[in-house]
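Take a look at the letters that make up each chain.
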Amino acid sequence: MLDIRYIRENLEEVEARLKTRGEAIDLGQFRELDQQRRGLLQESETLKALRNKVSEEISKVRDKSLVQDRIAEMREVGQKIKELDEDLNKVEELLQAITYTIPNLPSRQTPLGASEEENVEIRRWGTPAVFDFTPRPHWEVGEALGILDFERGAKLTGARFTLYKGAGARLERALINFMLDLHTTRHGYTEMLPPFIVNRESMTGTGQLPKFEDDLFHLDGTDYFLIPTAEVPVTNIHRDEILKGSDLPLCYTAYTPCFRKEAGSYGKDTRGLIRQHQFNKVELVKFVTPETSYQELDRLLDNAEEILRQLELPYRVMELCTGDIGFSAARTYDIEVWLPGQNTYREISSCSNFEDFQARRAKIRFKQDEKAKPEFVHTLNGSGLAVGRTLVAILENCQQADGSVVVPKVLRPYLGGQERIG
RNA sequence: GGAGAGAUGGCCGAGUAGGUCGAAGGCGCUCGCCUGCUAAGCGAGUAUACUGGGAAACCGGUAUCGAGGGUUCGAAUCCCUCUCUCUCCGCCA
């Protein structure tokens, strides 16, 4: 959510910056409702002040029969207040509906562009291995090894659900532990294990609702949703709180499964593990002061990259352009891992600074010191990393001519020393 | 699932035959005084949001005692609904 006072005072600028996202947003209605709101508010509050004053006078009079006319008068004032407040509520509801569906302003540093075509490559790390055979896609590698079972996944649930078996299941678990261990022991994050189901307020706080309800699994008969990312529960940990400035930055990491409907992606990535309705992810979340948030974004990105470096998987970092960044984000870097089976780089992490957009929605504030006024924190998050896609990258990059897969060195302690699968 | 109890400011905790309660008191915290230092002591201050005025410091208004609604000139206090917490019983990993 943007600051309504900022919108009010910088209407043209806000419209222009939002336009760089590719969606034209007309703030004319906002302006009109905002004016209506303040008009109604002032009228109502003036009458309330009068009523409070007269009521106090009435309280001082013992014999109420002496003030019957004043009481009657206030009864009418009360009626008028009620009418004004009803109008005010309607206007505020409309206004809220608008402000909750306005996306964040892209950072001024975010490159301009209409679509992912115009994302900017920042750097590459590692050299894709040269194979003396044609590298196969991970679904072939995994099925041949008997560690991924797509057919039975579909039998158990449906399309885009997969059964991991034996060494596949263990490898996934090893990756989760490896990532969490690295982030907690080397990068200074505190591990969290949040609920995988959250309520509507939490989904609204981080920006999934009200606009993207179609992407979420909703639990019938409740107001609960399966989380699409740990970002939701972990960021909402401090919803409606005022943090101490001296406690910032707060850095949390969490493993959770993620559940996404993937509405609108029919026909995309139908094979393999790339696009699932349920997948595992280790997430990084930070609560920081506004002055430090871009510095912290660089660090968070580096923390995510470090996982790939340690796994020795080649990747590149892309900065998303204004046309491609998400609804709540001001600036975003994607990490894309090399997948030889598909001869392409694929997203494995997305690291964003939301500035105060989520903090304002979720009312996450801090005080610079005891006496300071509360300010909104900046929130950041990024995948560190998408676990299923990391497993995909290992199967494809580390596959051998004989169909086996060499386990990256840093993972071996998590697999009882096993060096090879198959 | 059945039966009860409760939800007040950063924390603890008063306040129910409606009015002077944004809310006693204590703790904590901040600033000052005092003491050679520490401890103790003394004094003052210590919520948030919206809104009007002001360049600003700041001043005014409104709202907030779990949430929403109702009664009333007036509600933390009365009524209704909901949420959450706790205790007991049942069930369960």
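Model, not experiment: these values are computed from the prediction.

A.B. asks: Is there a simple way to think about the pairing of strand E10 (residues 315–319) in this case?
C.D. replies: Looking along a regular strand, one sees the side chains alternate between the two faces of the sheet. For E10, a buried count of five out of five residues is recorded, marking the element as mostly surrounded by other parts of the structure. Here E10 shows no split at all, with Tyr-315, Val-317 and Glu-319 on one side and Arg-316 and Met-318 on the other all buried. Relative to E10, strand E1 (residues 120–125) is paired through five bridges, and the arrangement is antiparallel. In the strand pairing of E10, Arg-124 is matched with Arg-316. Taken together, the five bridges between E10 and strand E11 (residues 331–339) define a ladder with antiparallel strand orientation. The partner of Val-317 across the bridge, within E11, is Ile-335.

A.B. asks: Explain the packing of aromatic side chains to me, please; I cannot follow it from the model alone.
C.D. replies: Here a ring pair, both rings aromatic, is described through the centre-centre distance and the interplanar angle of the planes. Per the counting criterion, the structure on display carries seven aromatic pairs. Their ring planes at 75° and their centres at 5.3 Å tell us that Phe-212 and Phe-327 sit as a pair that is edge-to-face. Of this pair, Phe-212 sits in the loop between helix H8 (200–206) and strand E6 (224–226) while Phe-327 sits in the loop between E10 and E11, placing them 115 residues apart in sequence. Overall, the relative accessible area of 30% leaves Phe-212 in the partly exposed class.

A.B. asks: Even after reading the chapter, I still don't get the protein's contact with RNA strand B, so can you show me in this structure?
C.D. replies: Near RNA strand B there are 25 residues, and of these Arg-8, Arg-37, Glu-45, Arg-75 and Arg-365 occur at the shortest range. Put simply, 77% of the atoms of RNA strand B that lie within 4 Å of the protein are in sugar or phosphate. Arg-51 is positioned with one of its side-chain polar atoms (N or O) 3.4 Å from a phosphate oxygen of RNA strand B. Contributions of two or more residues to the surface near RNA strand B are made by helix H1 (4–9), helix H3 (28–60), helix H4 (68–101) and strand E13 (364–367). Looking at the surface near RNA strand B element by element, the count peaks at 12 residues for H3.

A.B. asks: Just checking my understanding: could you explain the sheet that holds strand E7 (residues 241–244) for this structure?
C.D. replies: Backbone hydrogen bonds hold the strands of a sheet together, and the pairing may be parallel or antiparallel. The sheet built from three strands is open, its strands ordered E7-E13-E14 with mixed pairing. Since the sheet does not close on itself, it has two edges, and those belong to E7 and strand E14 (374–376), each with one partner. Within this sheet the neighbouring strands show an average axis-to-axis angle of 40°, counted without direction. With four bridges connecting them, E7 and E13 associate as parallel partners.

A.B. asks: Just checking my understanding: could you explain unusual backbone geometry for this structure?
C.D. replies: Outside of glycine, negative phi angles account for most residues, and trans bonds account for most peptide bonds. Cis geometry is adopted by the peptide bond preceding Pro-210, which originates at Leu-209 and carries an omega value of 5°. The phi torsion at Glu-262 lies on the positive side, around 55°, for a residue other than glycine. Mapped onto the elements of the fold, Glu-262 is located in the loop between strand E8 (250–259) and strand E9 (278–288). Look at Glu-355: it is not a glycine, yet its phi comes out positive at around 50°. Among the secondary structure elements, Glu-355 is positioned in the loop between strand E12 (344–353) and helix H11 (357–362). We classify Glu-355 as partly exposed; its relative accessible area is 21%.

The rules behind the values
- Residues numbered from 1 in each chain as written.
- Chains lettered and ligands numbered in written order.
- Predicted model: local features only at pLDDT ≥ 70, side-chain atom pairs only at ≥ 80, totals over all residues.
- Heavy atoms only, no water.
- Buried < 20%, exposed > 50% of the residue type's maximum accessible area, 1.4 Å probe, protein only.
- Helix = DSSP H or I, 4+ residues; strand = E, 2+ residues; numbered from the N terminus.
- Pairing = 2+ DSSP bridges.
- Phe/Tyr/Trp six-rings, centres within 6.5 Å; stacked < 30°, edge-to-face > 60°.
- Near = heavy atom within 4 Å.
- Polar contact = N/O pair within 3.5 Å; in protein donor to acceptor, adjacent residues only side chain to side chain.
- Axes fitted to C-alpha atoms, helices over the stretch in contact; angles between N-to-C directions.

Remember that the coordinates give geometry; whether it matters functionally is a separate question.
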